[in-house]
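Per-entry structural report
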Amino acid sequence: MDNQTSITAGKRVYNPTNEYTYFSKAEIGDIDTMRNLFFRLYNDEESVNVRLNISEILINSTQVLPKPQRNYLKVETKFKAPNETDLVIPAVLNQKAEQPDRFEFAEVFFTGLNTSSSPPAIFEIMHFNSDGINLAVSPLTETSSNLNITLRYPFARYGGILTVRMPYQEVIGGVIEEFYYGPFIKIVSSGEDSVVPPNTIGVFPIARQTLVIPPSQTVICAAMGNPRPEVSILKLGEGGTSVEIPSETVILDSTMNMIVHTFDASNPLTTEGRYFCRASNSFQTIDAPTEVIVLQPAVFDDRMTAVVQNSSDRIVISCQAKGKPKPQLKLKLYDEFGPDLVATGLYRIWKYGPEPDTSRVTLTLSPLEDAAITAVVCESSQGGAGGAFTNSRKIEVHPGKANFDMGLYNRLNEAVRL
């Protein structure tokens, strides 16, 4: 098998004495910031995945793993994708249906290329968090079970790879935290003879903004295509020129190419800028841009984060924070888990941007109508789903009062959902 190493710190080092052997080399300082090491060996038919616990590596120990059960899973490795229906993949587990304990820990996910989007985009669905994949186990014999893997429409009409990863045993401790193995099942796209239609290329969606939270942040550049694309990460320089930056190969198979680059937060001047994930084959070239920003955590202005006015006819609550990227502010009832007062649309709230890196919101309350609002939490959020950083500050509207109005709490929660 080809040996590929996925890393977010350190370097993959080739062993000149054996073309199938690689090492993962990291500095001592890197070890302190790493949680684990992940190794993946694979070809176009199957993969073996090992995750090592860094803290256990520092302790002298011996760990013996049991041999994997031969023919534990029997399944064909190629299926034709239907055009308008679900795809059902039959398989056999050499285990009683009443005791599918090992398969309960399995991971089943599908990686495909949505050719109906423009440009085509890679997507991935997993059985444990998506209705797109369903697993059903039923008795077959005294020692085996039927397993039906259903790939739902419309995902089924796109070609791709269905990965089944099974653990060697249910629980592993010590140095080896995870040890998975399993087949790749090729789903041939409807009307074609390959998992990706000819002369097609697509990229994995990349965030428009990448927030580097100290000490570092990894960015993935991935593409699928037919023929298989080359991928690179480039930084846009002055005058529109671009320079390719060093990266590590994570996956390289017959249809997909994936690389990673780890951005260092210690030197914002050289790290920040506009970057592109570039995917190219003989058919076309696609650039997916992202703006890289090193986090400067939001700092609340205590003069402007408080009850700034309290009179007989109104109460004005203000929250102001400064940071990079510009903070997004929410006002939550009572605590950080409470409903967002801004999102309810029921209150007089003003949003300001006094400076490019500063945000401010003010909330005006009626003392008679809103006496139950005894405290408000101002939450600052920087970055998006790919790397959000949050901070908060509690504002006592009526100091000394700890009233919690569950009826108000529930009504505001309902308003947010609407």
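Structure report, in brief. (Residues numbered from 1 in each chain as written. Predicted model: local features only at pLDDT ≥ 70, side-chain atom pairs only at ≥ 80, totals over all residues. Heavy atoms only, no water.)

Moving on to the overall build of the protein chain. Counting secondary structure elements, the protein chain contains 5 helices and 31 strands. In the protein chain, which comprises 418 residues, the share counted as buried stands at 44%. Considering only intrachain contacts with a sequence separation of at least 6, the fraction spanning at least 24 residues in the protein chain is 64%. Within the structure as shown, the protein chain displays about 22,200 Å² of accessible surface, and the carbon and sulfur contribution to it stands at 50%. (Helix = DSSP H or I, 4+ residues; strand = E, 2+ residues; numbered from the N terminus. Buried < 20%, exposed > 50% of the residue type's maximum accessible area, 1.4 Å probe, protein only. Contact = heavy atoms within 4.5 Å. Areas by Shrake-Rupley, 256 points an atom, 1.4 Å probe, with all protein chains shown as cover.)

Attention now moves to the state of the cysteines. A full pass over the atoms with the stated rule returns 2 disulfides. There is a disulfide in this structure between Cys221 and Cys277, and the S-S distance comes to 2.1 Å. Here Cys221 and Cys277 share a disulfide; its torsion about the S-S bond, 75°, makes the bridge right-handed. In this pair, Cys221 sits in strand 17 (residues 216-226) while Cys277 sits in strand 22 (residues 273-280), placing the two residues 56 residues apart along the sequence. (Disulfide = S-S within 2.5 Å.)

Moving on: the side chain of Ser232. Along the chain, the position of Ser232 falls in strand 18 (residues 230-236). Contact partners of Ser232, with chain neighbours within four places excluded, come to Cys221, Glu244, Ile259, Phe276, Cys277 and Arg278.

Moving on, we get to unusual backbone geometry. With an omega of -5°, the peptide bond running from Ser118 to Pro119 counts as cis. Its location among the elements puts Pro119 in the loop between strand 9 (107-114) and strand 10 (121-126). Even without being glycine, Asn199 reaches a positive phi, approximately 60°. Look at Asn199 and you get partly exposed, because its relative accessible area is 44%.

With that settled, the discussion passes to helix 5 (residues 406-417). The terminal C-alpha atoms of helix 5 lie 17 Å apart, and with 12 residues this matches the ideal 16 Å at 1.5 Å per residue to within 8%. Leu408, Tyr409, Leu412 and Ala415 are the residues of helix 5 that are buried. Relative to the axis of helix 5, the buried residues are bounded by an arc of 125° and lie together on one face. Of the surrounding elements, those touching the buried residues of helix 5 are strand 27 (328-333) and helix 4 (341-344). The N-terminus of helix 5 is capped by Asp405, whose side-chain oxygen sits 3.0 Å from the backbone nitrogen of Gly407. (Expected span 1.5 Å × (residues − 1). Arc of directions from axis to C-beta. Polar contact = N/O pair within 3.5 Å; in protein donor to acceptor, adjacent residues only side chain to side chain.)

On to the sheet that holds strand 16 (residues 209-212). Here 5 strands make up an open sheet; going across it, the order is 16-23-22-18-19 and the pairing mixed. Each of the sheet's edge strands pairs with one partner strand only, and the pair in question is strand 16 and strand 19 (242-244). Direction aside, the axes of adjacent strands within the sheet are offset by 35° on average. Where strand 18 meets strand 22, 6 bridges bridge the pair, whose relative direction is antiparallel. Bridge pairing in strand 22 links Glu230 to Ser280. (Pairing = 2+ DSSP bridges. Axes fitted to C-alpha atoms, helices over the stretch in contact; angles between N-to-C directions.)

Ranked by internal contacts, the top residues of the largest apolar core, which has 36 residues, are Phe103, Leu162 and Ile187. Only strand 5 (46-53), strand 8 (87-93), strand 9, strand 10, strand 12 (145-151), strand 13 (160-167) and strand 14 (176-188) provide two or more residues apiece to this core. With residues near it in sequence (within four places) discarded, Phe103 still touches Tyr72, Leu93, Val108, Leu135, Leu147, Val164 and Met166. Listed in part, the 24 residues of the second largest apolar core include Ile317, Cys319, Leu331 and Ile395. (Core = buried A, V, L, I, M, F, W, Y, C linked by side-chain atoms within 4.5 Å.)

A cluster of nonpolar side chains, contributed by Ile57, Leu58 and Ile59, occupies part of the molecular surface with about 310 Å² of accessible area. Along the chain, the position of Ile59 falls in the loop between helix 2 (54-57) and strand 6 (73-75). (Patch = residues over 30% accessible without salt bridge, like charges linked within 9 Å, V, L, I, M, F, W, Y side chains within 5 Å. Salt bridge = Lys/Arg side-chain N within 4 Å of Asp/Glu carboxyl O.)

Counted according to the given criterion, the structure contains 7 aromatic pairs. Taken together, a centroid distance of 4.8 Å and an interplanar angle of 35° make the contact between Tyr334 and Phe404 tilted. Of the two residues, Tyr334 is situated in the loop between strand 27 and helix 4 and Phe404 in the loop between strand 31 (389-396) and helix 5; the sequence distance between them amounts to 70 residues. Between the aromatic rings of Tyr334 and Tyr409, the centroid separation amounts to 6.4 Å while the plane-to-plane angle is 5°, which identifies the pairing as stacked. One end of the pair, Tyr334, is in the loop between strand 27 and helix 4; the other, Tyr409, is in helix 5, and 75 residues separate them in sequence. (Phe/Tyr/Trp six-rings, centres within 6.5 Å; stacked < 30°, edge-to-face > 60°.)

Turning our eyes to something else, we now look at the sheet that holds strand 27. Taken together, the 3 strands give an open sheet; going across it, the order is 27-30-31, and neighbouring strands pair in antiparallel fashion. Two strands bound the open sheet, and with one partner strand each, they are strand 27 and strand 31. With strand direction ignored, the average angle separating the axes of adjacent strands in the sheet is 25°. Relative to strand 30 (residues 375-382), strand 27 runs antiparallel, the two sharing 6 bridges. Within strand 30, the position partnered with Leu331 by the bridge is Cys378.

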